[in-house]
Amino acid sequence: MSTSLQNASVLITGASSGIGAATARLLAADGAVVALVARRRERLDDLVEDIAAAGGTAHAYAADVADSAEATTVVDRVAVDLGGLDALVGCAGYLANMPALEADLAEWHRMVSVNVDGVLATTHAALPHLVRSASGPRGVADVVTISSIAGRRVPQAYSQVYAATKHAVGAFSEGLRQELAEKQVRVGLVEPGVVRTEMTTAGYTGAPDGSTGAPLGAEDVADAVRYILTRPAHAAVNEVLLRPTEQVR
Ligand SMILES: NC(=O)c1ccc[n+]([C@@H]2O[C@H](COP(=O)([O-])OP(=O)(O)OC[C@H]3O[C@@H](n4cnc5c(N)ncnc54)[C@H](OP(=O)(O)O)[C@@H]3O)[C@@H](O)[C@H]2O)c1
């Protein structure tokens, strides 16, 4: 039997746009109570209103996940407000592809801060809450992180640091998975190819492999997250790799 999202408390980072916002809408439509975390407060407030208008429940929390103290505080706050945490969905991310010879070191550090430190801090804070929930009536809890196809392979030279951050997320998730399996906490990664979001629309000319077919929509990735969260408690989907049909590599 699939695991219901009805009244499940789900914290989504990066919920102010793109994949995070689409995931929030989709999970809320399935009855989850979603906590929306990102820095742009007005965006979150607008999404809370949209979700409420559609009959769902959402709460907004402005926080910078790259700041470990802020990340920890917001996760604990959400767990108190929602009476626990059934799932953490990590969508916050930053991409700044550039040739190494011209790179701004601060941009490299920013990718590491959001894509790695942010995932570590939010996950670290969420784990005690998730372990507690997993032994409750739902019988399972979840950590789902949006990695990338760049977590599997380096798509192009200029994505060296972005790919390094996503490879790090992959290694972290696999270690977590091994440790948490017996605690009924499932750990999953979603690894999309090109998705049309704010991250990719500026100057988008096709996938890194040169293919120019339609990219994925944020809803396609959200659907993969929902699939992971709604599997029966005994079934863990640990990785979903999804590309636009015409993306070759
Ligand atoms: N788009 C793609 O082609 C693609 C492909 C593979 C993987 N991904 C991954 O998918 C995830 C979502 O990206 P997206 O495509 O949906 O891009 P997006 O629309 O740019 O969304 C990124 C989100 O991350 C949030 N964020 C960034 N820095 C943050 C910080 N320091 N603290 C809190 N939130 C922060 C942003 O919110 P604020 O600015 O309001 O803080 C925004 O909500 C990322 O991890 C990305 O690496 C994207």
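Residues numbered from 1 in each chain as written. Predicted model: local features only at pLDDT ≥ 70, side-chain atom pairs only at ≥ 80, totals over all residues. Heavy atoms only, no water.

- Named according to an unreviewed UniProt entry, the protein is Oxidoreductase originating from Marmoricola endophyticus.
- The Sequence similarities (unreviewed entry) comment attached to the protein in UniProt states, word for word, "Belongs to the short-chain dehydrogenases/reductases (SDR) family." (UniProt positions renumbered as here; feature names shortened; annotations may be inferred.)

Observations regarding the pattern of salt bridges
Here's step 1: Using the criterion set out here, one finds 12 salt bridges in the structure.
Here's step 2: A salt bridge links aspartate 142 to arginine 186, with the nearest nitrogen and oxygen atoms 2.8 Å apart. Separated by 44 residues along the polypeptide, aspartate 142 in strand β5 (residues 141-146) and arginine 186 in strand β6 (residues 185-192) bring together distant segments of the chain. For the pair aspartate 142 and arginine 186, a shared accessibility class is recorded, and that class is buried. (Salt bridge = Lys/Arg side-chain N within 4 Å of Asp/Glu carboxyl O. Helix = DSSP H or I, 4+ residues; strand = E, 2+ residues; numbered from the N terminus. Buried < 20%, exposed > 50% of the residue type's maximum accessible area, 1.4 Å probe, protein only.)

Some points on the packing of aromatic side chains
Here's step 1: Scanning the model with the defined rule gives 0 aromatic pairs in all.
Here's step 2: Positioned above the aromatic ring of tyrosine 94 is the side chain of arginine 110, whose terminal nitrogen or guanidinium carbon lies 3.6 Å from the ring centre. (Phe/Tyr/Trp six-rings, centres within 6.5 Å; stacked < 30°, edge-to-face > 60°. Lys NZ or Arg CZ within 6 Å of the ring centre and 35° of its normal.)

What to know about the sheet that holds β5
Here's step 1: Taking strand neighbours across the sheet as the criterion, the 7 strands line up as β3-β2-β1-β4-β5-β6-β9 in an open arrangement whose pairing is parallel. Among the strands making up the open sheet, the edge pair consists of β3 (57-62) and β9 (239-242). The average angle at which neighbouring strand axes cross in this sheet is 15°, direction not considered.
Here's step 2: Note that strand β1 (residues 9-13) and strand β2 (residues 33-38) share 5 bridges and pair parallel. Within the sheet, the bridge partner assigned to threonine 13 lies in β2 and is valine 37.
Here's step 3: Relative to β1, helix α1 (residues 18-29) is tilted by about 165°, and along the sheet it contacts β1, β2, β4 (87-90) and β5. (Pairing = 2+ DSSP bridges. Axes fitted to C-alpha atoms, helices over the stretch in contact; angles between N-to-C directions. Contact = heavy atoms within 4.5 Å.)

Regarding the packing of α1 against helix α7 (residues 218-229)
Here's step 1: Contact geometry of α1 with α7 gives a least axis separation of 8 Å together with a crossing angle of 50°. Comparing the axis directions of α1 and α7 gives the class oblique. When you trace α1 past α7, the crossing you get is right-handed. Side by side, α1 and α7 meet where Gly18, Ile19, Ala22, Thr23, Leu26 and Leu27 of the first sit next to Ala218, Glu219, Val221, Ala222, Asp223, Val225, Arg226 and Leu229 of the second.
Here's step 2: Residues that form the contact of α1 with α7 fall into these classes: 9 nonpolar, 2 polar and 3 charged. (Parallel < 35°, antiparallel > 145°, perpendicular 65-115°, else oblique. Left-handed = near helix turned anticlockwise from the far one by under 90°. Nonpolar A, V, L, I, M, F, W, Y, C, P; charged D, E, K, R; others polar.)

Some details on the pairing of β3
Here's step 1: In terms of strand pairing, β2 meets β3 through 6 bridges, oriented parallel. In the sheet register, valine 34 faces β3, and the bridge partner there is alanine 58.
Here's step 2: As for the winding sense of the linkage, the β-α-β connection from β2 through helix α2 (residues 41-53) to β3 is right-handed. (Right-handed = clockwise from strand over helix to strand, strands pointing away.)

Details of the site of the ligand
Here's step 1: With respect to spatial proximity, 30 residues lie near the ligand, and among them Ser16, Arg39, Asp64, Tyr162 and Thr197 are the closest.
Here's step 2: Between an oxygen atom of the ligand and a main-chain N or O atom of isoleucine 19, the distance comes to 2.8 Å.
Here's step 3: One of the side-chain nitrogen or oxygen atoms of tyrosine 162 is found 2.5 Å away from an oxygen atom of the ligand.
Here's step 4: In isolation the ligand has 880 Å² of accessible area, and contact with the protein removes 94% of it.
Here's step 5: Going through the elements one at a time, α1, α5 (160-180) and α6 (198-201) are the ones with two or more residues in the shell around the ligand.
Here's step 6: Here the element with the most residues in the shell around the ligand is α6; it accounts for 3 residues.
Here's step 7: Counted by class, the shell around the ligand contains 15 nonpolar, 10 polar and 5 charged residues. (Near = heavy atom within 4 Å. Polar contact = N/O pair within 3.5 Å; in protein donor to acceptor, adjacent residues only side chain to side chain. Areas by Shrake-Rupley, 256 points an atom, 1.4 Å probe, with all protein chains shown as cover.)

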